[in-house]
Amino acid sequence: MDTTPFISIIIPVRNGERLLANCLESLKLQSYPHDRFEIIISDGMSSDDTIKIAEKYGAKVVRNPKLTVGPGRNEGYKLSRGDLIAFSDDDCVMDKDWLLNSVKYFKDERVGGLSGPTITQNDGSPLGEAIGLIYDLAASSGKSAHRSENNKVSEVADIPGCNAIYRRTVIEEVFPIDETLITAEDVEMNRLIRLEGHKLLYVPDVKLWHNRRQNLMGFYKQMYRFAIGRLQVGRKDLKMLTPTHILAGITLPVIILLLLALYFSNNIRTIYYFSWGIPFLAIIAAVFAFFKTGAIKPAIVFPFVVITFIVAWSLGFMRELFFPI
């Protein structure tokens, strides 16, 4: 491969005016030759100034009338001309060497795609830090590049759609992405790439900062949709559903059934001990978060984030299990 391959950066966006400029500014500051990459904004029919901001930074804009990320990536790919295809999100800020550092790994013809540290942006928000901890825990439960810190190059099973760079010839083998997927289109794409025999890498020097959801309702909606998408992909290949995905999916209904059983059993002693169980688990979660973050405020918020995650994931999982989209 040419030492300076042309790179197409595809960013699906819908009403992203709040953060898109920061993302595009970081791409403007890339150390990679600016005549060797292009930015394609796949716009999901935004009603704000998303298109205006994209055009201000010289990005190409393609319409995505189906609104969701999967179709957005498909539409962006149709317009692309890069030897390498990079995907990201409007709420990301890239390291200045994001593109430059990625190229050397593609000298190995077996490498189909790669990712690097996806770091929760430190905005001083305890909630943002607590949510970032949830993402780190999810990454450590599987062989995924969804992680913030690791200094070793390693082969992984999955790389996040917000920080992913692929060889074009590999993308051609698996595109277009299944547009019926609500989320997890990146999981499905990575699954197909690996089935074709290509390697996915985690590398320590292709990093960016990701602005996580800044309120519990936004986090709830995201996790609800993630659960639906993961189960959709799981129907294609059961190996894509880990025990953690399933356990999180059934936690809420199991708790509800236990509470009903306790209520009708009229066993006062058992009800008493059970009622103390939830606060005890919340304290354990807070202590764990404190040791991980070294800060009190994120530790206090963390149990609420865990509860929100469990409720959202369980409801999304059950919704897709019994009423498939």
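Residues numbered from 1 in each chain as written. Predicted model: local features only at pLDDT ≥ 70, side-chain atom pairs only at ≥ 80, totals over all residues. Heavy atoms only, no water.

Draft legend 1. Geometry of the pattern of salt bridges. In the structure shown here, the tally under the stated rule is 17 salt bridges. The partner of K60 in a salt bridge is E38, with the nearest N and O atoms 2.7 Å apart. Residue K60 is located in strand β3 (residues 60-63), and its partner E38 is located in strand β2 (residues 37-43); the two are separated by 22 residues in the primary sequence. When its relative accessible area of 5% is taken as the criterion, E38 is described as buried. With a shortest N-O distance of 3.7 Å, R167 and E109 are connected by a salt bridge. Residue R167 is found in strand β9 (residues 163-167), and its partner E109 is found in the loop between α4 (98-103) and β6 (111-115); the two are separated by 58 residues along the sequence. The class of E109 is exposed, set by a relative accessible area of 55%. If you follow the salt bridges from partner to partner, you end up with E188, R191, D237 and K239 in one network. (Salt bridge = Lys/Arg side-chain N within 4 Å of Asp/Glu carboxyl O. Helix = DSSP H or I, 4+ residues; strand = E, 2+ residues; numbered from the N terminus. Buried < 20%, exposed > 50% of the residue type's maximum accessible area, 1.4 Å probe, protein only.)

Draft legend 2. Examining the sheet that holds strand β11 (residues 208-210) more closely. An order of β5-β11-β7 is seen for the 3 strands of this open sheet, with the pairing classed as mixed. The sheet is open, and its two edges are formed by β5 (92-94) and β7 (118-120), each paired on a single side. The sheet shows a mean angle of 30° between the axes of neighbouring strands, direction not considered. Both β7 and β11 contribute to a ladder of 3 bridges, which runs parallel. Among the inter-strand pairings, I119 is bridged to a residue of β11, identified as W209. (Pairing = 2+ DSSP bridges. Axes fitted to C-alpha atoms, helices over the stretch in contact; angles between N-to-C directions.)

Draft legend 3. Highlighting the sheet that holds β6. The strand order β3-β2-β1-β4-β9-β6-β10-β8 describes an open sheet built from 8 strands, whose pairing is mixed. Only two strands of the sheet have a single neighbouring strand rather than two, namely β3 and β8 (154-155). Pairing of β8 with strand β10 (residues 199-202), which is carried by 2 bridges, proceeds in the antiparallel orientation. Across the sheet, residue E155 finds its bridge partner in β10, namely L201.

Draft legend 4. The arrangement of the pairing of β6 in detail. Summarising burial for β6: 5 of the 5 residues are buried, a large majority. Both β6 and β10 contribute to a ladder of 4 bridges, which runs parallel. Its bridge partner being in β10, V111 is matched across the sheet by K199. Here 2 bridges tie β6 to β9, and the two strands are oriented antiparallel to one another. Along β9, the bridge assignment pairs G113 with Y166.

Draft legend 5. A look at unusual backbone geometry. Look at the link from F175 to P176: it is a cis peptide, with omega at 0°. As for its position among the elements, P176 is in the loop between α6 (168-174) and α7 (185-195). The backbone of A184 shows a phi angle near 65°, a positive value even though the residue is not glycine. Structurally, A184 is set in the loop between α6 and α7. The buried category is assigned to A184, whose relative accessible area is 9%.

Draft legend 6. Broad picture of the environment of P298. Within the element layout of this structure, P298 appears in helix α11 (residues 296-322). For P298 and G128, which are 170 residues apart along the polypeptide, the C-alpha to C-alpha distance reads 8.2 Å.

Draft legend 7. Structural detail: the nonpolar core. Formed by 32 residues in total, the largest nonpolar core has its most connected members in I7, I9, I39, I41, W98 and I165. Mapped onto this core, the elements with two or more residues apiece are β1 (7-13), α1 (20-28), β2, α2 (50-56), β4 (84-88), β5, α4 and β6. Excluding anything up to four places from it in sequence, I7 contacts Y32, R36, F37, E38, G82, L84, A86, L99 and V103. Counting 22 residues, the second largest nonpolar core, distinct from the first, contains A227, A299, F302 and F309. (Core = buried A, V, L, I, M, F, W, Y, C linked by side-chain atoms within 4.5 Å. Contact = heavy atoms within 4.5 Å.)

Draft legend 8. Structural context of the pairing of β9. Judged by how many residues are buried, β9 sits mostly within the fold: 5 of 5 residues are covered. The alternating pattern of β9 places N163, I165 and R167 on one face and A164 and Y166 on the opposite face, and all of these are buried.

Draft legend 9. Fine view of the packing of helix α8 (residues 216-236) against α11. Here α8 crosses α11 at 40°, and the two axes come no closer than 7 Å. On the basis of their axis angle, the class for α8 and α11 is oblique. Classified by chirality, the crossing of α11 by α8 is right-handed. Residues of the contact of α8 with α11, tallied by class, amount to 18 nonpolar, 3 polar and 4 charged. (Parallel < 35°, antiparallel > 145°, perpendicular 65-115°, else oblique. Left-handed = near helix turned anticlockwise from the far one by under 90°. Nonpolar A, V, L, I, M, F, W, Y, C, P; charged D, E, K, R; others polar.)

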